[in-house]
Amino acid sequence: MTAAQPEGVQTSPAFTPRVFSGIQPSGGLTLGNYLGAIKRFVDMQADDFETIYCVVDLHAITAKLLEPDALRQQTRELVAGYIASGIDPTKSILFNQSQVVEHTQLAWIFNCVARVGWMKRMTQWKDKAGKNQENASLGLFAYPALMAADILLYHATHVPVGEDQKQHLELTRDIAIKFNHDYGTEFFPITEPVIEGAATRVMSLRDGSKKMSKSDPSDASRINMTDDADTIAQKVRKAKTDPDALPSEAEGLERRPEARNLVNIYAALAEQSVEAVLRDVGGKPFSEFKPMLSDLAVERLSPISGETARLMLHPDEIDAILRGGADRAREIATPILKKTYDIVGMVQG
Ligand code: TRP
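Residues numbered from 1 in each chain as written. Predicted model: local features only at pLDDT ≥ 70, side-chain atom pairs only at ≥ 80, totals over all residues. Heavy atoms only, no water.

As for helix α8 (residues 166-183)
Part 1: With 18 residues, α8 ought to run about 26 Å at 1.5 Å a step, and its terminal C-alpha atoms sit 26 Å apart, in line with that.
Part 2: Taken together, the buried positions of α8 are occupied by His168, Leu169, Leu171, Thr172, Ile175, Ala176, Phe179 and Asn180.
Part 3: Two residues or fewer past α8, glycine 184 is found with a positive phi of approximately 60°. (Helix = DSSP H or I, 4+ residues; strand = E, 2+ residues; numbered from the N terminus. Expected span 1.5 Å × (residues − 1). Buried < 20%, exposed > 50% of the residue type's maximum accessible area, 1.4 Å probe, protein only.)

Digging into the site of the ligand
Part 1: Taken together, 13 residues are adjacent to the ligand, and Gly22, Tyr143, Met147, Asp150 and Gln165 come closest.
Part 2: In this structure, glutamine 165 approaches the ligand through a side-chain N or O atom, which is 2.8 Å from a nitrogen atom.
Part 3: When the ligand is considered free in solution it has 360 Å² of accessible area, and contact with the protein chains removes 89% of it.
Part 4: Listing elements by their share of the shell around the ligand, those giving two or more residues are β1 (18-23), α7 (138-152) and β4 (158-161). (Near = heavy atom within 4 Å. Polar contact = N/O pair within 3.5 Å; in protein donor to acceptor, adjacent residues only side chain to side chain. Areas by Shrake-Rupley, 256 points an atom, 1.4 Å probe, with all protein chains shown as cover.)

Considerations on the pattern of salt bridges
Part 1: According to the stated counting rule, one finds 16 salt bridges in the structure shown.
Part 2: Between glutamate 288 and lysine 284 there is a salt bridge whose closest N-O contact spans 3.5 Å.
Part 3: On the basis of relative accessible area, lysine 284 is assigned to the partly exposed category, the value being 23%.
Part 4: One salt bridge in this structure joins glutamate 307 and arginine 310, with 3.1 Å as the shortest N-O distance. Here arginine 310 and glutamate 307 lie together in helix α12 (residues 286-312), a separation of three residues that amounts to about one turn.
Part 5: Arginine 310 gets classed as partly exposed once you look at its relative accessible area, which sits at 34%.
Part 6: The network of salt bridges with common partners includes Asp219, Arg222, Asp227 and Lys235. (Salt bridge = Lys/Arg side-chain N within 4 Å of Asp/Glu carboxyl O.)

Concerning unusual backbone geometry
Part 1: The phi dihedral of histidine 155 is positive, around 50°, even though this residue is not glycine.
Part 2: Located in the positive-phi region is glutamate 271, a residue other than glycine, with phi close to 55°.
Part 3: Summarising the element assignment, glutamate 271 is placed in the loop between α10 (257-270) and α11 (274-281).

Structural notes on helix α3 (residues 68-84)
Part 1: Under the 1.5 Å per step criterion, the end-to-end length of α3 is 24 Å for 17 residues, consistent within 8% with the ideal 24 Å.
Part 2: Those residues of α3 that sit buried are Leu71, Gln74, Thr75, Leu78, Val79, Ala80, Gly81, Tyr82, Ile83 and Ala84.
Part 3: Positive phi shows up at glycine 86, right after α3, with a value of about 120°.

Some words on the pairing of strand β3 (residues 93-96)
Two faces belong to every sheet, and in a regular strand the side chains alternate between them.
Part 1: Residues Ile93 and Phe95 of β3 are buried on one face, and the alternating residues Leu94 and Asn96, pointing to the opposite face, are buried as well.
Part 2: Sheet topology note: the strand β2 (residues 50-55)/β3 ladder contains four bridges and is parallel. Bridging from a neighbouring strand, cysteine 54 pairs with phenylalanine 95 of β3. (Pairing = 2+ DSSP bridges.)

A few points about the packing of α12 against helix α13 (residues 315-344)
Part 1: The interhelical angle for the contact between α12 and α13, taken along N-to-C directions, is 95°, at an axis separation of 6 Å. Judged by the inter-axis angle, α12 sits roughly perpendicular to α13. Residue-level contacts link Arg310, Leu311 and Met312 of α12 to Pro315, Glu317 and Ile318 of α13.
Part 2: Here the residues of the contact of α12 with α13 are counted per class, giving four nonpolar, no polar and two charged. (Axes fitted to C-alpha atoms, helices over the stretch in contact; angles between N-to-C directions. Parallel < 35°, antiparallel > 145°, perpendicular 65-115°, else oblique. Contact = heavy atoms within 4.5 Å. Nonpolar A, V, L, I, M, F, W, Y, C, P; charged D, E, K, R; others polar.)

Side note on the domain arrangement of the chain
Part 1: On domain assignment, one finds that the chain holds domain 1 (18-200 + 314-344) and domain 2 (219-310).
Part 2: Measuring from the centre of the C-alpha atoms in domain 1 to the corresponding centre in domain 2 gives 31 Å.
Part 3: Between domain 1 and domain 2, the residue contacts involve 14 residues of the former and 14 residues of the latter.
Part 4: Summed over both sides, the interface of domain 1 with domain 2 buries roughly 1200 Å², with 66% coming from carbon and sulfur.
Part 5: Counting the surface domain 1 buries against domain 2, the share from its top three residues, Leu31, Leu35 and Ala84, is 39%.
Part 6: The interface formed by domain 1 and domain 2 holds two salt bridges in total.
Part 7: The partner of glutamate 271 in a salt bridge is lysine 39, and the shortest N-O contact between them spans 2.9 Å.
Part 8: The interface formed by domain 1 and domain 2 contains four residue pairs in polar contact (both at pLDDT 80 or more).
Part 9: Where the side of domain 1 that touches domain 2 is concerned, the elements lending two or more residues are α1 (31-44) and α3. (Domains from an automatic or database assignment. Buried area = accessible area lost by both parts, 1.4 Å probe.)

With respect to the pairing of strand β5 (residues 192-195)
Part 1: Looking at chain direction, β4 and β5 are connected through four bridges and run parallel. The residue bridging valine 161 from the neighbouring strand is isoleucine 195, located in β5.
Part 2: Handedness of the crossover is the feature at issue here: the chain leaves β4, passes through α8, returns alongside β5, and the resulting connection is right-handed. (Right-handed = clockwise from strand over helix to strand, strands pointing away.)

Listed below in structure tokens is the structure:
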């Protein structure tokens, strides 16, 4: 593996490493998003390969159409949160999907490559369409082909995502393989998923077996990136635990999902291993550990929420960043789309 490879992954030498990920502007970032995805995206920013982060506003309207003002607001909030968390728009290409029309243009080609049978097998389609598939939008059905276009439009080689997106990445590979095979080329790379590890998965504060999520009806189940110090302290104080003291070794967290979750969160925020944390806090009761955790969370999150709030007062600043990101994205995307059209036989004047 050369120095230019993103950690832990290998790629075909024909394609230079390029990281791409898409983020849904579904409103409100949680500590789970921060420790699970954002921090990883920040760490992947490097001098010797590109990182492209795309706010997928076109995907955001597939399940249902949103209030236009809410979509605008959520898009800007997400961008503000990412920048405040350390995504550097001069290092990474940060933009929103709809500003680079090539995404939908390549998606059309992929709509004609992908098979209906492949789409019907997608668990996200089955979950989101629910019982009434006839009434789901055509966009929801085609969602994975647009996602494949997002990735392959940049010849991205590495795609960091959560476990739930694995099937979509396999479909992206199938689309690339079928396109390459049908047209007798090796134009599209076979993308490597970089799946988020269980260790970085942040669970609900009310139920250690459920993922922390902004869609959980209980606000006490999550720490929002915009929560103030008092709210964070209160949520941590009320977090579900068990009556025992903290163990001194990681094995002691087995079958104690709530205890494990709080220790994992502490370790991730402190950028320490779970073992190192337990060496310090082993033997302490939760009544002592919880204030340590909320102090650390406040210390780490308050600069981020402060900067997010500041940016949100200047939406024009955010929009200029997105415009600049879209311009840079287009520089990569335009020739790849042009070449795809050429391979397919579209006459280009
Ligand atoms: N489907 C992804 C999610 O819900 C978002 C997404 C859209 C994406 N396009 C992408 C992720 C391309 C990675 C690469 O999380």
